[in-house]
Structure formats: C-alpha cells, structure tokens
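Letter by letter, the chains look like this.
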Amino acid sequence: MLKNVFIKTFGCQMNERDSEIMGQILSSHGYVECNDMESADLVILNTCTIRAKAEQKVMSLLGALRKIKTQRPGMKICVAGCVAQQEGDHLIQRMPHVDLVLGTQNIYDLGTYIARTTETGRPVIATGMSKAFQIPAFLPTDREAIGSTGDLHPFRRFVTIMQGCDNYCSYCVVPYTRGREISRSAQDIVAEVRKFVDQGVKEITLLGQNVNSYGRKPNGTARPCSFPELLHQVAEIRGLHRLRFTTSHPKDLSNELIGCFRDIAILCPQFHLPVQSGSDAVLKRMNRHYTVADYLERVEALFACRPDLALTTDIIVGFPGETDEDFALTMDLLERVRFHGSFSFKYSDRPGVRSCNFDGKISEQVKSERLAIFQRRQDEISLERNGAYVGSRQEIMIESTGDSGFQGRTGTNHIVHVDQHTDLGPGDPLEVEIYHAGQHSLKGRFHPKH
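K.L.:
Quick rundown of the overall build of the protein? Include the residues and the values.
P.N.:
When helices and strands are tallied, the protein shows 13 helices and 19 strands. A compact globule built from 450 residues should have a C-alpha radius of gyration of about 22 Å, and the protein, at 23 Å, falls within 12% of that. If one aligns the C-alpha atoms of the protein with their principal axes, the spans along those axes are about 65 × 65 × 45 Å. Long-range contacts, defined as pairs at least 24 residues apart, comprise 74% of the intrachain contacts of the protein with a sequence gap of at least 6. As displayed, the protein has an accessible area near 19,900 Å², and 50% of this comes from carbon and sulfur atoms.

K.L.:
Break down the side chain of T312 for me, with residues and values.
P.N.:
With respect to the helices and strands, the residue T312 is situated in strand β13 (residues 310-317). When residues no more than four places from it in sequence are discounted, the contact partners of T312 are F271, H272, L273, F339 and G341.

K.L.:
Describe in detail helix α8 (residues 227-235), supporting the description with residues and values.
P.N.:
Think of an α-helix as turning once every 3.6 residues; residues three or four places apart then point the same way. Three or more residues of α8 are buried, namely F227, P228, L230, L231 and V234. Mapping the buried residues of α8 onto a view down its axis gives an arc of 160°, with all of them on the same face.

K.L.:
Tell me about the sheet that holds strand β14 (residues 341-346), and please be specific about residues and values.
P.N.:
Strand order in the open sheet formed by three strands is β12-β13-β14, with parallel pairing between adjacent strands. With partners counted over all chains shown, the strands left at the sheet margins are β12 (270-272) and β14, one partner each. Sheet twist, expressed as the mean angle between neighbouring strand axes with direction ignored, is 15°. As paired elements, β12 and β13 share three bridges and run parallel to each other. By the bridge assignment, H272 is partnered in β13 with T312.

K.L.:
Give a detailed account of unusual backbone geometry, specifying residues and quantitative values.
P.N.:
With an omega dihedral of 5°, the bond running from T246 to T247 counts as a cis peptide bond. Inspection of the secondary structure assignment puts T247 in the loop between β11 (242-246) and α9 (255-263). With a phi angle near 55°, Y168 is a residue other than glycine that sits in the positive phi range. Assignment of secondary structure puts Y168 in the loop between β8 (162-163) and α6 (174-177). Judged by relative accessible area, which is 27%, Y168 ranks as partly exposed. For R338, which is not glycine, the phi dihedral falls at a positive 55°. Among the secondary structure elements, R338 is positioned in the loop between α12 (324-337) and β14. Residue classification places R338 among the partly exposed residues on the basis of a relative accessible area of 26%.

K.L.:
Give me the lowdown on the pairing of β14, citing residues and values where you can.
P.N.:
Pairing of β13 with β14 involves six bridges; the strand directions are parallel. Bridge pairing in β14 links D314 to F343. Between the parallel pair β13 and β14, the chain is carried across by α12, and the sense of this crossover is right-handed.

K.L.:
Give a description of the side chain of T313 that names residues and reports values.
P.N.:
Within the element layout of this structure, T313 appears in strand β13. A distance of 2.9 Å separates a polar atom in the side chain of T313 from the backbone nitrogen of V275.

K.L.:
Before we move on, could you go through the environment of I316 and cite the residues and values that matter?
P.N.:
Its place among the elements puts I316 in strand β13. Distance in space between the C-alpha atoms of I316 and A191 is 37 Å, their sequence separation being 125 residues.

K.L.:
Tell me about the pattern of salt bridges, and please be specific about residues and values.
P.N.:
Per the counting criterion, the structure on display carries 31 salt bridges. Across the pair E87 and R94 runs a salt bridge whose closest N-O atoms are separated by 3.8 Å. Residue classification places R94 among the partly exposed positions, given a relative accessible area of 44%. One salt bridge in this structure joins R242 and E203, with 3.9 Å as the shortest N-O distance. Here the residue R242 occupies a position in strand β11, and E203 occupies one in strand β10 (residues 203-207), the gap between them amounting to 39 residues. Salt bridges sharing partners connect three or more residues here, namely R17, E20, R157, R184 and E192.

Definitions and cut-offs
Residues numbered from 1 in each chain as written. Predicted model: local features only at pLDDT ≥ 70, side-chain atom pairs only at ≥ 80, totals over all residues. Heavy atoms only, no water. Helix = DSSP H or I, 4+ residues; strand = E, 2+ residues; numbered from the N terminus. Rg over C-alpha atoms; globule rule 2.2 N^0.38 Å. Contact = heavy atoms within 4.5 Å. Areas by Shrake-Rupley, 256 points an atom, 1.4 Å probe, with all protein chains shown as cover. Buried < 20%, exposed > 50% of the residue type's maximum accessible area, 1.4 Å probe, protein only. Arc of directions from axis to C-beta. Pairing = 2+ DSSP bridges. Axes fitted to C-alpha atoms, helices over the stretch in contact; angles between N-to-C directions. Right-handed = clockwise from strand over helix to strand, strands pointing away. Polar contact = N/O pair within 3.5 Å; in protein donor to acceptor, adjacent residues only side chain to side chain. Salt bridge = Lys/Arg side-chain N within 4 Å of Asp/Glu carboxyl O.

Structural data, given as structure tokens:
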C-alpha cells in the first residue's frame, strides 16, 4: 500500500536537490509526496544550520510535530541535513519523538534506514562520515521531470557537482556538517544534466559549497576535470538553454573561469561572489585568504570580460572584533562595487566553529543598527542598478502565468512582471522591453508577432 511523505526543506539549493533525491529514493519504497504534513505517514525535515534562525525554525516545527504524533503514533519523523549531522544523538535526547536522524552523507540509504526504524521500533541515528565517501551516480527518473510536489518550475533543476568544503572559514559549520571536499565525476554530472534536458528541463544550476575548487578531489579514479572544463562540457548538451552555478570562493576564482562568461553563450550573466566584509582585518579573522584589493581585482576582471554581468554577494555584519572603522570599510566596498544585490546577515555563533571563542563580540543592538544601514543603502543601489535596464530588451524565461499576465526571469536573474497574456508557458523564452524598475523586480512588455 502506498504511503505519503511530506518533505520540508530549509536552507540552500543543495538542500533542495537533496530533498528531490530523497523523494525519488522513497518513491521506490512505496511513498508518494504530499502537501499535508499532518496526515503524512512520514515527515522529513531537511535542515540547515548555517544561521541560528534556520535551526530555530526546525526546532519549533519539531515541537509542533510532537503534538501531531501524539494523535497519530504511526507517523514517522526524520530529521536530515546539517542539523541532523551536527546534533546526532543529542537531537533524540531533546526530541525523543524523532525516528531517524539522517546525516549529509547518508541520504542515499534513506530507504534502508526508514525500514530499520520499523524493524527495531527504536530511533535510528545515521550520521557517520567517511574520508572514503564518494558521491554515487544518481540519475533522475522520468517521474522526477514532472517536478516534486509543489514545484512551480519543472523546467529548472539543480545539479550537485561536489560536496563539502576545505576552507574552514572561522564562522562556518559546513566543513563539519558536510565534510571535506569531494567532487563528482564529470561523466556522472553530464549524464544527469543530459537526462534532465531530455525530459524538458531548460535551465540547470550547478551546485557546490565552492564550485571553483571542483575537480581537485575527484571521486575514486575519475579523471581530474577543472570547473571551467566541466562548464564547457555541460554547455555542449543539446537542448540546454541556460546554465548557472553557485557558490564561488573569491580566492579560487581563476582567469579561466572568468573567461567562461565570455566564451559560453548559455552561461547566464549573473555571478554570486561572497565577500563577507570590506575590512582586511575582519577578513583575516574570518580566515578568508584574500584581501579587499584581491576581491576588487577579480571584480574588475569579471566586468571587463562581461560588462552586463549582475554581481551579487554575501555580507556578515557584527563579526567579533568588527569596529566602526571596519564597518565603514564594508560600506565603502558597497559604494565601490555597487552590487546588484546582496544577502546580508548579523553574525551569530555556530556550534563548534573557531569564532565562537573570539573576543570582541558585538552587541545585538549594534549588529542590528549596522545591518539596517547596510541594507538600506543596498536597496537604494539595487534600485539604481535596476533602473539601468529600463528601455532595454531582455530575454526572459517564463516561470508562471495567470489571469493578470505572467512573470519570467532574465539571464541576470531579475524577475520581470508582464501584464499581458501569451500562449507561451513556463520554460518558454520571450523577449520583452523593460519599462519600469522596482527595488526587487522589473516590469516589461512584449510586442506580439502577427
């Protein structure tokens, strides 16, 4: 008899792809994805621990699930991802109603572990990590092309190319929750992308904690392949319309990779390059291994190669020891680069990382004030940047349609709203003229062909 599974994903795109993989694995074990958590036979929370807020949301939801399971004792609850990897058996001690704690290297054996919870009647903890871990080849099924439950954009897919990180930034838990870097073979990646494209997918985003270092530690005996080489291989797949990737570390950004924005036609002119701070002193304490001057040199090379590039970044405010002068340098960097957008956050201690023990912790009030100042100015710059698109013609890929029109996304990753109707549907390209710029989106119109 078929059972229902509800999967809730927190955090990054890599978690989203992991959730898709878990859904596919469970489909071969008699599970069907559903939208109703309260009636599901199995609930999976695929978690993120990069920031405290995401972890708090998980714990809150687990509290709600305790009450539901009291009414439905047969329900199984699985916590997967980075919180599971970090907490291990401590999670069971805090939340004894959880049936399975599934670490980041163990998702491919999900079906086996779920069966074990039934056989033993006891919680199962699967958080072991191995230096010999290799990412298995994993092809999407024909069914997955339809998209997981609730997926609005089946024409777009994420493909994981590597896992883990060797950088050990002083504030980051990823090396502890995802392990050391390991790259998938280029052959497996190309096969997965080709299968998606054959099913009608038109846009692929390649994922990794640091895609720039892809290939340095390949799976098994696979032939080493650099990230620029991989981009060229994927771009040659017939039928693929757009190619993106994330995330990059500035210290590993090569001239060869920068040149891909010039040489690969389907590589979207959008780049996310986290800088984290505009202060060399803070960057050193963060263990980032580059200076502001290094970062600016890479930015200059990017724009020289692709002038229409939309550049976004990550910023942490209130890192331990950050002075008013350090924060002023971050604001100065914002003015010099004029990022199209940024993801900015207040620093928060994460368990087990070195910065937890740093002196000079910044008060919540000061962190909030600095974050507000940064975000206010970023919003102004984003609006100014978006205004430069007014009057231009942009190709969008349609994402959704409705009674009032439709919306799509440009190669620069800007959402465009169009209040006209079209016979085209999600995944179809259309050229529009931009006539209005907002802070977070654009408006456009198109001229129907007669």
